[in-house]
Amino acid sequence: MTSLNEFGITQRWPAKDPSIIQLYSFPTPNGVKVSIALEEMGLAYEPHLVTLSDVDVKSDAFLSLNPNNKIPAIVDPNGPDGTPIGLFESGAILLYLAEKTGKLIGSSATDKAKIAQWLMFQMGGLGPMFGQLGFFYKFAGAQIEDPRPRQRYIDEGKRLLAVVDKQLEGQDWIAGDYSIADIAIAPWLGSLEFYGARDVLGWEDHKNAVAYLKRFLNRPAVQKGRATPARPT
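Given the structure is predicted, the values throughout are model-derived calculations rather than measurements.

Chemist: I tried to follow the nonpolar core on my own but got confused; where do I start?
Modeler: One broad trend across soluble globular proteins is that nonpolar side chains are buried collectively. If you look at the biggest cluster of nonpolar residues, it comprises 56 residues, and the most contacted ones within it are Ile74, Leu97, Leu126, Ile180 and Leu189. With sequence-adjacent residues up to four places away left out, isoleucine 74 is seen in contact with Ile21, Gln22, Leu23, Tyr24, Val34, Leu65, Ile85, Gly86, Leu87, Ile93, Tyr96 and Leu97.

Chemist: What is the right way to look at unusual backbone geometry in this model?
Modeler: Peptide bonds are trans in most cases, and residues, glycine excluded, mostly fall at negative phi. Along the chain, isoleucine 71 connects to proline 72 via a cis peptide bond; the corresponding omega equals 0°. Relative to the elements of secondary structure, proline 72 occurs in the loop between helix H4 (60–63) and strand E3 (73–76). A cis amide bond links threonine 228 with the next residue in sequence, proline 229, at an omega value of -5°. For asparagine 69, which is not glycine, the phi torsion reads 50° and is therefore positive. Mapped onto the elements, asparagine 69 comes out in the loop between H4 and E3. The phi angle at glutamate 89 is positive, at roughly 80°, despite the residue not being glycine. As for its placement among the helices and strands, glutamate 89 is situated in the loop between strand E4 (85–88) and helix H5 (90–101).

Chemist: What am I meant to see in H5 here?
Modeler: Note that an α-helix has 3.6 residues per turn; residues three or four places apart therefore point the same way. Helix length check: H5, at 12 residues, gives a terminal C-alpha distance of 17 Å against a target of 16 Å (1.5 Å per residue), a fit within 8%. All buried positions along H5 are accounted for by Ser90, Gly91, Ile93, Leu94, Tyr96, Leu97 and Ala98. Looking at the buried residues of H5, the elements they touch are strand E1 (21–25), helix H2 (29–41), E3, E4, helix H6 (109–137) and helix H8 (180–194). Directly after H5, the chain includes glycine 102, whose backbone phi takes a positive value near 75°.

Chemist: Can you walk me through the sheet that holds E3 in this structure?
Modeler: Within a sheet, each strand pairs with its neighbour through backbone hydrogen bonds, oriented either parallel or antiparallel. Read from one edge of the open sheet, four strands run E2-E1-E3-E4, paired in mixed fashion. Only two strands of the sheet have a single partner each, and these edge strands are strand E2 (45–49) and E4. Strand-to-strand, the axes of this sheet are offset by a mean angle of 15°, without reference to chain direction. Examined bridge by bridge, E1 and E3 share three bridges and lie antiparallel to one another. Directly across from tyrosine 24, in E3, lies its bridge partner alanine 73.

Calculation criteria
- Residues numbered from 1 in each chain as written.
- Predicted model: local features only at pLDDT ≥ 70, side-chain atom pairs only at ≥ 80, totals over all residues.
- Heavy atoms only, no water.
- Core = buried A, V, L, I, M, F, W, Y, C linked by side-chain atoms within 4.5 Å.
- Buried < 20%, exposed > 50% of the residue type's maximum accessible area, 1.4 Å probe, protein only.
- Contact = heavy atoms within 4.5 Å.
- Helix = DSSP H or I, 4+ residues; strand = E, 2+ residues; numbered from the N terminus.
- Expected span 1.5 Å × (residues − 1).
- Pairing = 2+ DSSP bridges.
- Axes fitted to C-alpha atoms, helices over the stretch in contact; angles between N-to-C directions.

Written as structure tokens, this is what we have:
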């Protein structure tokens, strides 16, 4: 049987089946990217709930796998060089899983480059900017009297949403066929409802993005992945 004893994280979140991918995550926009990808690709995996509290993400066990103390992270016992591999950063994990399976990454070098381009757009722009929008619009930043920080992220959110909407003109998915770029982007579009920021960004005016998110959420693998790992009751 495969042993994952070299990964300290398994001491706190032990693997029931160490022969399959171990997922350490929480259902946030970044977290669900990996569970959705695993479902879409048909890979066997075991989910472990890692809450966003310091007691979990700043624990020695979690930091042994991800020194940046952020979910998600994975351990794949069947790594590319015949040995187990641990990975963090959702975008890196998506690329790894796509290359591992040959799925959702395109069929040509050109496809792969374009998909990677839109994945990086999410990682470097859409995710960080929408995350800051949420902080300044819904969470602690909303209490700041100076309107400039909040307005900065509202304006940038509008700009990025317009980029997505324009790219979707005449096509169902962001880079042609359904891909890991969609798995990265769509959950962050969904975050606008959670942040209560749809109206301030003019969500309903972006018809392509609205239809895109609905298509995405209707996928069975997306529905299962968004609920994995299950939140505590």
